[in-house]
Amino acid sequence: MSHLPPATETAPATPADGDRSDPAIRLHQQAILSEFGVEALRGDDVDRLLQRAAELCAEGMGAEFCKALEYLRSEDMLLVRAGIGWGPDVIGTARIGADLASPAGFALKTGRPVISNHLENETRFRTPQLMAEHGIRRAINVIIANRDGAFGVLEVDDSREGMFEEADIAFMQGFANLLGGAIERLRTEGLLRAALARQDLLAREMSHRVKNSLTIVASLLALQAKGSESEDVRRALIDARTRVEAIAGVHDQLWRHSESGEVDLALFLETLCANLQSGAPGHRLACRADPVHVPADRAIPFGLLVNELVTNAIKYAYPELGGEIRIRAERAGDRLVLAVSDDGIGLPEDFDIGRASRSLGMRVVANLVRQLDGTIATPRSGQGAHFHIDMPLSG
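Calculation notes
- Residues numbered from 1 in each chain as written.
- Predicted model: local features only at pLDDT ≥ 70, side-chain atom pairs only at ≥ 80, totals over all residues.
- Heavy atoms only, no water.
- Helix = DSSP H or I, 4+ residues; strand = E, 2+ residues; numbered from the N terminus.
- Expected span 1.5 Å × (residues − 1).
- Buried < 20%, exposed > 50% of the residue type's maximum accessible area, 1.4 Å probe, protein only.
- Arc of directions from axis to C-beta.
- Contact = heavy atoms within 4.5 Å.
- Core = buried A, V, L, I, M, F, W, Y, C linked by side-chain atoms within 4.5 Å.
- Phe/Tyr/Trp six-rings, centres within 6.5 Å; stacked < 30°, edge-to-face > 60°.
- Lys NZ or Arg CZ within 6 Å of the ring centre and 35° of its normal.
- Polar contact = N/O pair within 3.5 Å; in protein donor to acceptor, adjacent residues only side chain to side chain.
- Salt bridge = Lys/Arg side-chain N within 4 Å of Asp/Glu carboxyl O.
- Pairing = 2+ DSSP bridges.
- Axes fitted to C-alpha atoms, helices over the stretch in contact; angles between N-to-C directions.

A. Layout of helix α1 (residues 23–42). With 20 residues, α1 should cover 28 Å at 1.5 Å per step; its first-to-last C-alpha distance of 29 Å lies within 8% of that length. When α1 is considered as a whole, its buried residues turn out to be R26, Q29, I32, F36, G37 and A40. Seen along its axis, α1 keeps its buried residues to an arc of 155°; they face one direction. Away from the buried face of α1 by more than 90 degrees, exposed residues P23, L27, Q30, L41 and R42 are located.

Below, the structure written as structure tokens:
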């Protein structure tokens, strides 16, 4: 915002100029400026804001022409970025010198508004060719600036005789200040979006690498299991492999689909169950999940929890023949309810997951439920084993 006195010439008003001191004109200008202020706060496109400012500024000044000029530092030129009254080959193409010998350049370099009411007799500045070609007789320039520096110049021109007054500067500078603030805001928002996009890209790349590393670990565990002569060791290695694959599945989701560090629970469970199904051809896994997203730091223990419960059912529910294992995840307000059940032999009569268990899998389940701030129940309704876990969606 410039508080320096304007560079202006003194000349008597002409009848064609009208009475620009009329209070109605100033009230109209204030109304227009207020209207643009709302647009400047909401606008999300610099070119549209510049064009709208040029249109409203010309209306408020009762002028034929208005243009918003962007300063091209590398060329030391001013580009006509938007405007009204000019030919179609001017906007986005025409350039004006940004040196002190042009009215717009003087306003830009000194930060002082410039009024020139008689360009044909002007001795301070040269008349730019663009303005000469359009028969411009008078011009008024104010700088568009913000904390990033000078963006450019807002200029009103007219080919008719008349007088721009110092009071017009306040109106135009109001437009320029609103433009400067809006341009700074949009630039900051653009930088933030770029930073967030880069952060998201880095996070996705990291998840991709972690997923690949975990896949390699799972493959090594599978190879080790195949080469083991001990059945107990082989089973332990297979269990370890499925746990690693469950964690890898979360990172695969984050790499492929996540844009906010969250995992699509339905898609994740579908993939996890498909992997478990491939290792249990004699069983049928029926998986259903509500469309809900959970944070990645909760998806990992959740996936491990499902993995342990399903693996346990695969091992013990049906000792002789295979059977169905059902996995259901439902949203209940701000909580998530997980149910894993089967129609097998059921749990032992004295089973209590709250007590120390000889089963590593059940100890892991109990620890994961605590990690998720959940509660677990094993209702004895009907045939088979039933696990119900209630937990908050977010930690």
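B. Geometry of the environment of I91. Secondary-structure assignment places I91 in the loop between β3 (77–84) and β4 (95–97). Taking the C-alpha atoms as reference points, I91 and L69, separated by 22 residues in sequence, lie 9.7 Å from one another. Excluding residues within four positions of it along the chain, I91 makes contact with V80, R81, A82, G83 and W86.

C. Examining the nonpolar core more closely. Core analysis: the largest hydrophobic core is formed by 42 residues, its most contacted members being F302, L305, L309, I327 and L338. Secondary-structure elements contributing two or more residues to this core are α6 (231–256), α7 (265–278), α8 (296–316), β11 (324–332), β12 (335–342), α9 (360–371) and β14 (386–392). Sort the elements by how many residues they give to this core and α8 lands first, with eight residues. Not counting residues within four places of it along the chain, the set of residues in contact with L309 comprises L338, V340, M362, V365, F387 and I389.

D. Structural view of the packing of aromatic side chains. Counted by the stated rule, this structure contains five aromatic pairs. Here the aromatic cluster, defined as three or more aromatic residues joined through ring pairs, consists of F36, F171 and F175. Lying across the ring of F164, R138 places its NZ or CZ 4.4 Å from the centre.

E. Helix α2 (residues 46–61), seen in detail. Taking 1.5 Å per residue as the helical rise, α2 with its 16 residues ought to reach 22 Å, and the 22 Å between its terminal C-alpha atoms agrees with that figure. You can read the cap of α2 off the contacts: a side-chain oxygen lies 3.1 Å from the backbone nitrogen of D47, and it is on D45. Following α2 by one or two positions, G62 has its phi on the positive side, about 60°.

F. Looking closely at unusual backbone geometry. At D76, a residue that is not glycine, the phi angle is positive and equals roughly 50°. Tracing the sequence through the fold places D76 in the loop between β2 (65–72) and β3. Its relative accessible area of 32% is what places D76 among the partly exposed residues. Positive phi outside glycine occurs at D373, with the angle close to 55°. Here D373 shows up in the loop between α9 and β13 (375–377).

G. Structural view of the pattern of salt bridges. Applying the stated criterion across every chain yields a total of 27 salt bridges. Connected through shared salt-bridge partners, E35, E39, R52 and E55 make up one network.

H. Structural detail: the side chain of E122. Relative to the elements of secondary structure, E122 occurs in the loop between β5 (114–116) and α4 (129–133). For E122, a relative accessible area of 11% corresponds to the buried category. Reaching out from E122, the side chain makes a polar contact with the side chain of R124 at a distance of 2.8 Å.

I. The sheet that holds β14, seen in detail. The strand order across the open sheet built from five strands is β9-β11-β12-β14-β13, with neighbouring strands paired in mixed fashion. The open sheet has two free edges, formed respectively by β9 (284–289) and β13, since each of these has just one partner strand. Across this sheet, the average inter-strand angle for adjacent strands is 10°, counted without regard to direction. Of the pairings in the sheet, the one linking β11 to β12 comprises eight bridges and is antiparallel in character. Of the residues in β12, the one forming a bridge with A329 is L338.

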